[in-house]
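Below are the chains, spelled out letter by letter.
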Protein chains: 2
Amino acid sequence: MSIEVDVTIKLKHGVADPEGENTKKALNLLGFKRVRGVKSMKTFRIEIEPEKADGEEEEEVKKEVEEMCRKLLANPVIHEYEIQVVKSERR
Amino acid sequence: MSIEVDVTIKLKHGVADPEGENTKKALNLLGFKRVRGVKSMKTFRIEIEPEKADGEEEEEVKKEVEEMCRKLLANPVIHEYEIQVVKSERR
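For every chain, the first residue of the written sequence is number 1, and numbering continues from 1 onward in sequence order. To label them, take the chains in the order written and letter them from A, then take the ligands in the order written and number them from 1. Reporting in this predicted model follows two pLDDT cut-offs: at least 70 for local features of residues, and 80 or more for side-chain atom pairs to be given and counted; totals over whole chains, interfaces and linings ignore these cut-offs and use all residues. Note that water and hydrogens are dropped before the side-chain values are worked out from all heavy atoms of the structure.

**Quick word on the overall build of chain A**
What chain A contains, in helices and strands, is 2 helices and 3 strands. Going from N to C terminus, chain A has its helices and strands arranged as β-α-β-α-β. On C-alpha atoms alone, chain A measures out to a radius of gyration of 17 Å, which is more than a quarter above the 12 Å that the 2.2 N^0.38 rule sets for 91 residues. Dimensions of chain A, computed from C-alpha atoms along their principal axes, come out at roughly 50 × 30 × 15 Å. Classification of residues uses two cut-offs on accessible area relative to the type maximum, computed with a 1.4 Å probe and protein chains only: under 20% is buried, over 50% is exposed, and between them is partly exposed. Across the 91 residues in chain A, those meeting the buried criterion constitute 40%. The contact criterion used throughout is that any non-hydrogen atoms of two residues lie within 4.5 Å. Restricting to contacts in chain A with at least 6 residues of sequence separation, those with at least 24 account for 73%. Working note: accessible area of chain A is about 5400 Å², and carbon and sulfur atoms make up 48% of it. Charge assignment in this entry is limited to Lys and Arg as positive and Asp and Glu as negative, and neither His nor the chain termini are counted. Charge coordinates come from a single atom per side chain, which is NZ of Lys, CZ of Arg, CG of Asp or CD of Glu. Within chain A, the 20 negative side-chain charges are centred at a point lying 10 Å from the centre of the 18 positive side-chain charges. Only runs of H or I of at least four residues qualify as helices and only runs of E of at least two qualify as strands under DSSP, and these elements are numbered from the N terminus. Only C-alpha atoms enter the radius of gyration; for comparison, a globular chain is expected to reach 2.2 Å times N to the power 0.38, where N is the number of residues. Areas reported as accessible are Shrake-Rupley estimates using a 1.4 Å probe. Residue values count occlusion only from the protein chains shown.

Quick look at the structure:
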């Protein structure tokens, strides 16, 4: 029994993304001419121990993960994040 | 008009993920005791210029992006990847 949450950390609009830009250049040089842009992002898949037996605590878990983002995972100056529960099941 | 594809590059099962492990430890130390595990992944959002007017080329685009993974984005020794078309629309 576990809950899996995907946290995607991406750069805010307007923040330079050299990794994405260089990936785009490399892809273009390799012959993928249709690539117009690449954005790099980081994803953490977090496995959380559920407290309740059923799937009713999804909202609580989302709030907890948001706190993780604020405290550790994301830098509010340059990052924005998306939280998505990908698996919430009993085994 | 553009097609956006998300490529998620993750480590194969059994490959050490020190970034994920250390993130887990840090979260536990910060008081998030319910975190059982963290896996780190990389995502590239690739914007591709469509060749056809409608959305019928999704399969073609997926194949092209798979080639990008093989040639540049992923290391087949340690990585596996997922390709997902996130947006395919006319503007």
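**So, the relation of the copies chain A and chain B**
Relating the two copies of this chain is a rotation about some axis coupled with a shift parallel to it. Of the transformation placing chain A onto chain B, the axial shift is 0.0 Å and the rotation is 180°, giving an RMSD of 0.0 Å. Between the two chains, the operation in question is that of a two-fold axis. No C-alpha of chain A approaches the rotation axis more nearly than that of Lys42 of chain A, which lies at 2.4 Å. The residues that chain A uses at the interface reappear at the interface of chain B in 100% of cases, marking a shared surface. Least-squares superposition of the copies uses the C-alpha atoms of those residues scoring a pLDDT of at least 70 in each of them.

**As for the confidence of the model for chain A**
Residue and element names in this part refer to chain A. For chain A, the average pLDDT comes to 91, and 92% of its residues sit at 70 or higher. The pLDDT value expresses, per residue, how confident the predictor is, ranging between 0 and 100. Confidence, read as mean pLDDT per element, is least for strand β3 (residues 79–89) in chain A (88) and greatest for helix α1 (residues 18–29) (97). Under the prediction, the complex receives an ipTM of 0.87, its pTM being 0.86.

**Structural notes on α1 of chain A**
Expected helix span is taken as 1.5 Å per residue step, with the number of steps being one fewer than the number of residues. Helix length check: α1 of chain A, at 12 residues, gives a terminal C-alpha distance of 16 Å against a target of 16 Å (1.5 Å per residue), a fit within 8%. Where α1 of chain A is concerned, the buried positions are Gly20, Thr23, Leu27 and Asn28 of chain A. Along the long axis of α1 of chain A, the arc covered by the buried residues comes to 135°, so they all point the same way. Pointing more than 90 degrees away from the buried face of α1 of chain A are the exposed residues Lys25 and Leu29 of chain A. Where the residues of α1 of chain A are buried, they touch β2 (35–48) of chain A together with β2 (35–48) and α2 (58–73) of chain B. The first or second residue beyond α1 of chain A is Gly31 of chain A, which carries a positive phi of 110°. Directions are taken from the helix axis to each C-beta atom, and the arc is the one they span.

**A word on the pattern of salt bridges**
One speaks of a salt bridge when a side-chain nitrogen belonging to Lys or Arg is within 4 Å of a carboxyl oxygen belonging to Asp or Glu. Counting across every chain of the model gives 22 salt bridges over all chains. Between Glu49 of chain A and Arg36 of chain B there is a salt bridge, with the nearest N and O atoms lying 3.7 Å from each other. Highlighted residues: Glu49 of chain A in the loop between β2 and α2 (58–73) and Arg36 of chain B in strand β2, drawn from two different chains. Put simply, Glu51 of chain A and Arg34 of chain B hold a salt bridge, and the shortest N to O gap is 3.9 Å. Pair noted here: Glu51 of chain A is in the loop between β2 and α2 and Arg34 of chain B is in the loop between α1 (18–29) and β2, and the two residues belong to different chains. Residues joined by salt bridges that share partners form a network here, namely Arg34 of chain A together with Glu51, Glu57 and Glu64 of chain B.

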